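Residue-level structure breakdown
What follows is each chain in one-letter form.
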Amino acid sequence: MTVRNPLMRHEWQSEIFQCKSNDISTFTSLLHTQLDRHDFTATTLGTVDGYPILACESRFYDPEKPSVLVSAGFHGEEPAGPWGLLHLLTKWEDGGPHSLNITLLPLVNPTGFLRGTRFNYNEQNPNRGFGFKDGRVLVQEDTSEEGKILIANSALLEESSRDGILTCHEDVLQTGSYLYTFEESSRPGIFSLTLLDTLKSCVALTDATEIDGLPLEGHLIHNHFDTSFESYLVQAGAKVGVCSETGARQPIDQRILANSALSATSLSKQNVRFEFSFPSWYRC
Ligand SMILES: [Zn+2]
C-alpha cells in the first residue's frame, strides 16, 4: 500500500485563478473581496503561526432556517477545497442562498496550504484529535493547534452544522474521486447519492475498492467514525455529513470546479431537505 508523506510539498498552477495553488496572499485577497461582496461576517477563531483561521457567516441569521457548515483546507496538499469554495463565492449573487444560515471555514490549515504539505508547520495533522465523549468534544494528545482552536469554538461550529457539514478534502494518491458520507440510515441515502452524482458529473470516480484499509462501496465510505472533524460534528448532532475526496492526480482546475459544485449542492436548501436541484449555471 502506498502511504501519504505528510511533509511532501505539492503545488499546481491554476488557470482559473492564474496563480499557484499555494499562493496564500492571492487566495486571502480574493476571499476577502468575495466576503465583502456578499456581506459575510468574518471572525478570527484563532491564529496559527500568525495566520488567522476564519469562520465566515452569512447575514440575517434566522433560527428557523437550516444551518449548514462548509469547511476546507484541513490538509495543505489538498488545495482544491479552499479554491473551490472561493470559486463558488465568485459565482454567487447577493449573498448566496438566502434560505440557509451558511457558515464557511475556508482555510483551516493555512501553514500547510502555503507549504503545500499535508500537515501544519509543526508537523501536526489538523483533521485528527477531535475526541468525543458524553456528548462533548475533547482535546486529545494528538490534537493540533488548529484542532484546539476549533474545539474552543465548538458551540459555534455545532450550531452552524446542525443541518449538515461538508468538508472538502483531496487524495493525492488517487486519480479517481470518492466520498465519506454520514446519514442516520445504515445505508447511503438520498443525501449521499446526490453528492455522489455531483462529484461524478465533474470528475472520474476511483476504481479503488479500499482506501486506507476501509472498504469502498459504490465509491462511498459510509458512516465511518474516527477522530476527524466531520465525524465529531455528526456525533454532536449534524443531521448529515460528507467529506469529499477529489483525486489529486486530476488537473487542479477540474478539482476546483468539482469542489465548487459539491459546495453548491451542500448549500442548496432543497438538498438539505432531501429534494435535490442542481444549480443551472454549473457546467463541470
Ligand atoms: Zn485530507
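Anything mentioned here points back to the structure above.
Below is a short write-up of the structure. (Residues numbered from 1 in each chain as written. Predicted model: local features only at pLDDT ≥ 70, side-chain atom pairs only at ≥ 80, totals over all residues. Heavy atoms only, no water.)

Let's talk about the overall build of the chain
For the chain, the helix and strand inventory stands at nine helices and 14 strands. In summary, the chain has a C-alpha radius of gyration of 17 Å against a globular reference of 19 Å for 284 residues, a match within 12%. Projecting the C-alpha coordinates of the chain onto the three principal axes gives extents of approximately 45 × 45 × 40 Å. Here the chain, with 284 residues, has 57% of them falling under the buried criterion. By sequence separation, contacts in the chain at least 24 residues apart represent 76% of the contacts at least 6 residues apart. (Helix = DSSP H or I, 4+ residues; strand = E, 2+ residues; numbered from the N terminus. Rg over C-alpha atoms; globule rule 2.2 N^0.38 Å. Buried < 20%, exposed > 50% of the residue type's maximum accessible area, 1.4 Å probe, protein only. Contact = heavy atoms within 4.5 Å.)

Quick look at the coordination of the zinc ion
At 2.0 to 2.4 Å from the zinc ion lie its protein donor atoms, namely His-75 (ND1), Glu-78 (OE), Glu-78 (OE) and His-169 (ND1). Around the zinc ion sit four donor atoms, and with donor-metal-donor angles ranging over 57 to 148° the site reads as irregular. Each donor residue of the zinc ion belongs to the same chain, with the gaps between them written as H-x2-E-x90-H. Pair noted here: His-75 is in the loop between β5 (67–72) and α2 (80–91) and His-169 is in strand β9 (residues 164–171), with a separation of 94 residues, a long-range link. Here the two residues His-75 and His-169 agree in accessibility, since each one is buried. (Donors = N, O, S within 2.8 Å, 3.2 Å for Na, K, Ca; no water. Tetrahedral: all angles 85-135°; square planar, octahedral: opposite > 155°, others 65-115°.)

Brief notes about the packing of helix α1 (residues 24–37) against α2
Contact geometry for α1 and α2: axes closest at 10 Å, N-to-C directions at 35°. α1 and α2 meet at a crossing whose hand is left-handed. Together, Thr-26, Phe-27, Leu-30, Leu-31, Gln-34, Leu-35 and Arg-37 of α1 and Pro-82, Trp-83, Leu-86, Leu-89, Thr-90 and Lys-91 of α2 make up the contact between the two elements. Looking at the contact of α1 with α2, its residues break down into eight nonpolar, three polar and two charged. (Axes fitted to C-alpha atoms, helices over the stretch in contact; angles between N-to-C directions. Left-handed = near helix turned anticlockwise from the far one by under 90°. Nonpolar A, V, L, I, M, F, W, Y, C, P; charged D, E, K, R; others polar.)

Re the pairing of strand β14 (residues 241–247)
By the criterion of burial, β14 is predominantly enclosed, with seven of the seven residues buried. Burial along β14 is two-sided: the face carrying Gly-241, Cys-243, Glu-245 and Gly-247 and the face carrying Val-242, Ser-244 and Thr-246 are both buried. Pairing between β9 and β14: seven bridges, direction parallel. Along β14, the bridge assignment pairs Asp-171 with Gly-247. Relative to β14, strand β10 (residues 178–182) runs antiparallel, the two being bridged by five bridges. Across the sheet, Phe-182 pairs through a bridge with Gly-241, a residue of β14. (Pairing = 2+ DSSP bridges.)

Quick notes on the packing of aromatic side chains
The tally for this structure, following the rule as stated, stands at twelve aromatic pairs. Pairing Phe-27 with Trp-83 gives two aromatic rings, centres 5.1 Å apart and planes at 85°, and the pair type is edge-to-face. Here the residue Phe-27 occupies a position in helix α1, and Trp-83 occupies one in helix α2, the gap between them amounting to 56 residues. One exposure class covers both Phe-27 and Trp-83, and it is buried. Among the aromatic residues, those joined into a ring-pair cluster are Phe-74, Phe-130, Phe-132, Phe-229 and Tyr-232. (Phe/Tyr/Trp six-rings, centres within 6.5 Å; stacked < 30°, edge-to-face > 60°.)

Quick look at the pattern of salt bridges
When their charged atoms lie close together, side chains carrying opposite charge are able to pair. Considering all chains together, one arrives at 13 salt bridges under this definition. A salt bridge links Glu-78 to Arg-118, with the nearest nitrogen and oxygen atoms 2.9 Å apart. One end of the pair, Glu-78, is in the loop between β5 and α2; the other, Arg-118, is in the loop between α3 (110–115) and β7 (130–133), with 40 residues separating them in the sequence. Each member of the pair, Glu-78 as well as Arg-118, is classed as buried. Among the ionic contacts, a cluster of salt bridges with common partners joins Glu-159, Arg-162, Asp-163 and Lys-239. (Salt bridge = Lys/Arg side-chain N within 4 Å of Asp/Glu carboxyl O.)

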